[in-house]
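Chain residues, written in single-letter form:
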Amino acid sequence: MDANAARLIGAALAIGLAAIGPGIGIGLVANGALQAMGRNPEFSGQLQTTMFIGIVFTEALGIFGLVISFLIGFKIFG
Amino acid sequence: MSSRNKVLVIALAFIGVAVAQKIFIPFETPAVSASVAVKPETLFDLNGFEITNTLLTSWIAMLVLIGLAVTATRNMKLVPTGVQNIFEMLIEAILNLAESVGGERGRKFFPVAATILLLVVVSNLLGLIPGFGPIGLISLEKGHAAPAGIVTFDIPQIFFVEEHEPGAPILLAPFVRSPSTDINFPLSLALISVVLTQIFGVQALGFFGYVGKFINVRRMGKFLGGALRGKAVVGDLMYGLLDIFVGLIELVSEIGKILSFTFRLFGNIFAGEVVLLIMSFLFLALPLIFYGLEVFVGAIQGFVFCVLTLAFMSIATTPHHSEEQH
Amino acid sequence: MENIVKLGLNPAWLLAQLANFLLLFLILRAVAFKPILNMLDTRKKKIQESLEYAEKVKRDAEAQQKEFERKLDETRRQNQAAVAAAGQVAEKEGEAILAQARAESRKLVEQAKEQIEYERRQMQAQLREEVVRLSLAASQKVLSQQIDEKAHRQLVNDFLAQTDQLGNRN
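Only a predicted model underlies this, so the values are computations on that prediction, with no experimental measurement involved.

Q: Could you give an account of the side chain of Gln301 of chain B, with specific residues and numbers?
A: Within the element layout of this structure, Gln301 of chain B appears in helix H9 (residues 286–316). A polar contact of 3.3 Å, which involves the side chain of Gln301 of chain B, links it to the side chain of Asn268 of chain B. Sequence-distant contacts of Gln301 of chain B, that is, excluding residues within four places in its chain, are made with Glu59 of chain A together with Val120, Asn124, Arg264, Leu265, Asn268 and Ile269 of chain B.

Q: Just give me the short version of the nonpolar core, but keep the residues and values in it.
A: Ranked by internal contacts, the top residues of the largest apolar core, which has 60 residues, are Phe110, Leu119 and Leu189 of chain B together with Phe21 and Phe33 of chain C. Those elements that provide at least two residues to this core are helix H2 (44–73) of chain A, helix H2 (53–73), helix H3 (82–102), helix H4 (106–126), helix H5 (184–205), helix H8 (234–279) and H9 of chain B together with helix H2 (11–143) of chain C. If one sorts the elements of this core by residue count, H4 of chain B sits on top with 13 residues. In terms of nonpolar packing, the next biggest core, distinct from the first, is built from 15 residues, Phe74 of chain A, Val38 and Ile183 of chain B together with Leu7 of chain C among them.

Q: Give a detailed account of the interface of chain B and chain C, specifying residues and quantitative values.
A: Chain B puts 47 residues into the contact, and the matching count from chain C is 32 residues. Together chain B and chain C conceal approximately 3,500 Å² of surface at their shared face, both sides included; 79% is due to carbon and sulfur atoms. On the chain B side of the contact with chain C, Leu78, Thr115 and Asn184 of chain B bury the most area, a combined 17% of that side's loss. Applying the counting criterion to the chain B and chain C interface returns two salt bridges. Two residues, Arg107 of chain B and Asp41 of chain C, come together in a salt bridge whose shortest N-O distance is 3.2 Å. Our count for the contact surface shared by chain B and chain C stands at seven residue pairs in polar contact (both at pLDDT 80 or more). For the side of chain B that touches chain C, the secondary-structure elements that each account for two or more residues are strand E3 (49–52), H2, H3, H4 and H5 of chain B.

Q: Tell me about the environment of Gly32 of chain A, and please be specific about residues and values.
A: Residues and elements named next belong to chain A. Note on placement: Gly32 falls in helix H1 (residues 3–39). What makes Gly32 partly exposed here is its relative accessible area of 36%. With 19 residues separating them in the primary sequence, Gly32 and Met51 have C-alpha atoms 8.7 Å apart.

Q: Describe in detail a nonpolar patch on the surface, supporting the description with residues and values.
A: On the surface, Met1, Ile9, Leu13, Leu17, Ile20, Ile24 and Leu28 of chain A cluster together to form a nonpolar patch covering roughly 780 Å² of accessible area. Tracing the backbone through its elements, the reader meets Ile9 of chain A in helix H1.

Q: Lay out the packing of H5 of chain B against H8 of chain B in plain terms, naming residues and giving numbers.
A: All names here are of chain B. Packing of H5 against H8 leaves a shortest axis separation of 8 Å and a crossing angle of 145°. Note on packing geometry: the crossing formed by H5 with H8 is right-handed. Across the interface between the two elements, Phe185, Pro186, Leu187, Leu189, Ala190, Leu191, Ser193, Val194 and Gln198 of H5 pack against Glu254, Lys257, Ile258, Phe261, Thr262, Leu265 and Phe266 of H8. Partitioned by chemical class, the residues of the contact of H5 with H8 number 11 nonpolar, three polar and two charged.

Q: Run through the pairing of strand E2 (residues 42–46) of chain B, naming residues and quoting values.
A: All names here are of chain B. Two elements, E2 and E3, share four bridges in a ladder whose sense is antiparallel. Looking at E3, one finds that Phe44 is bridged to Ile51. Between E2 and E3, which follow one another and run antiparallel, lie two residues, and Asn47 among them has a positive phi close to 50°.

Q: So, the confidence of the model for chain B: which residues are in play, and what are the values?
A: Residues and elements named next belong to chain B. For chain B, per-residue confidence averages 78 on the pLDDT scale, and residues scoring 70 or more make up 76% of the total. No element of chain B has a lower mean pLDDT than helix H10 (residues 321–325), which averages 48, and none a higher one than H5, which averages 92. Here residues 155–163 scores under 50 on pLDDT; set against residues more than four positions off or in separate chains, the count is 23 contacts. Within the model, pLDDT remains below 50 along residues 322–326, and this stretch shows five contacts once partners closer than five positions in the same chain are excluded. Predicted complex metrics record ipTM = 0.76 and pTM = 0.70.

Q: Could you give me a rundown of empty space enclosed by the protein, with the residues and numbers involved?
A: Residues and elements named next belong to chain B. Enumeration according to the criterion identifies three cavities of 30 Å³ or more in this entry. Here the largest cavity is characterised by a volume of approximately 50 Å³. Elements with a contribution of two residues or more to the lining of the largest cavity: H8 and H9. A per-element tally of the lining of the largest cavity places H8 first, with four residues. Split by residue class, the lining of the largest cavity holds three nonpolar, four polar and two charged.

Rules used in this analysis
Residues numbered from 1 in each chain as written. Chains lettered and ligands numbered in written order. Predicted model: local features only at pLDDT ≥ 70, side-chain atom pairs only at ≥ 80, totals over all residues. Heavy atoms only, no water. Helix = DSSP H or I, 4+ residues; strand = E, 2+ residues; numbered from the N terminus. Polar contact = N/O pair within 3.5 Å; in protein donor to acceptor, adjacent residues only side chain to side chain. Contact = heavy atoms within 4.5 Å. Core = buried A, V, L, I, M, F, W, Y, C linked by side-chain atoms within 4.5 Å. Buried < 20%, exposed > 50% of the residue type's maximum accessible area, 1.4 Å probe, protein only. Buried area = accessible area lost by both parts, 1.4 Å probe. Salt bridge = Lys/Arg side-chain N within 4 Å of Asp/Glu carboxyl O. Patch = residues over 30% accessible without salt bridge, like charges linked within 9 Å, V, L, I, M, F, W, Y side chains within 5 Å. Areas by Shrake-Rupley, 256 points an atom, 1.4 Å probe, with all protein chains shown as cover. Axes fitted to C-alpha atoms, helices over the stretch in contact; angles between N-to-C directions. Left-handed = near helix turned anticlockwise from the far one by under 90°. Nonpolar A, V, L, I, M, F, W, Y, C, P; charged D, E, K, R; others polar. Pairing = 2+ DSSP bridges. pLDDT = per-residue confidence, 0-100. 1 Å grid on protein atoms, 1.4 Å probe; cavity = no way out; pocket = protein on both sides within 12 Å on 5 of 7 lines; lining within 4 Å. Points joined across faces, edges and corners; volume = space filled by probe spheres on them.

Structure (structure tokens):
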């Protein structure tokens, strides 16, 4: 396997693996938020903001993986 | 002339120019590569200070915002109309957001949070305006391969004016490129957000009150004092170490905030650009779906940056819990 | 370090973006945020004032309405009282008239009764006289020889006194 192929595999793995956790996490966040909204819809505005914050924190992990993937794939690191 | 006819005329003009170019430029034209580079492209060089397309776009965004603000507030009326009404609704929505996240301190956080929100949303959307992507400088990197950090795709070129070296890559550097795809822009916003958070924290809690969050040696001191008097309590040692450790984690998380702010915005928008470029090879209107997604993401990222700034400021200005308990 | 440069990080560009942001922040704060917040506050106060004014007007109107109703009630009550008083007076007068009439009729009846009694007494006395006279005449004819007139009269008067006693006892 030449270095380029290894680099590309690394880039793909970086984003692929990094997407698993946040995918599950965002699902859980949305699940909880929707259940809460369904139970007391009068708080849905507040819940939405909090849900976005939660989603964003979770999503950040995936984005980090994506950035690392770009950095590897674009030959910036390594 | 209706707007539909206008669109039609513009499209016909583009096609006409392309056809005329094929007829009047007889020599073989090379394929131009559309590119997404991590590094922003330099447009002009002002005495060593390179003006990049992202910087230009952020200036345009500033002009748009200032123009909007001036138009909205030029002659304000108690009963708002037109631009004033829309802008006021926007500002009021952000103010409500700030007050819902930051409570009574929301008003203090509001100006910086609103500026961040407006600037990020406008600059993200500016980079997405159709037609701006293909209008740009064609830079010739004579005798060089494509620089690192570039995804290139061959696109059918429409305008071609410059002499070129055969075989050299020709890159299209658009005049307008979303500033969020340049790491300096999100980094500057993140720095401002985090530094202001520290300043507000110090203002609200006092210097020692705020720094005490990070360097918490009170219980360790209690243990040492006890040890000097010959009554060492093991629990105090444990909690003292724990406090110091938690303080260190808080300190690291402040730095982590800068990184996460920066790469969240940068990663989202940059990935969006790459996705748009790749998806533009899908057929018919399929790329439109991704275009809509990117518009949504661009707006959401501005909102998120603003909400997170507000939330961090709100947390930083709230007294620490352990201080209240003891 | 080289990697960071490759990433596009550049101190000059970073400073330029920071300056951009600060400039935009200052301009927006001066041009947009302060006036608009002031305007929002002014509007809020104005709306609150008008709401309070409306509330006050409403309260006044309600108070007036209440006052009016109270007066109406009072008038109605006064009217009722007057009517009731008038009715009482009329009743009293009627009763008085009735009582007077009754008294008069009673008086008339009593007068008539007295008259009748008087006449009856008269007639009784006359009748007694007649009876004495008749029995005297008759007994004079029958007993003229045996009893003188004086003893006879004595006898009859005794008899009559006895009958009177009997009659009075009835």
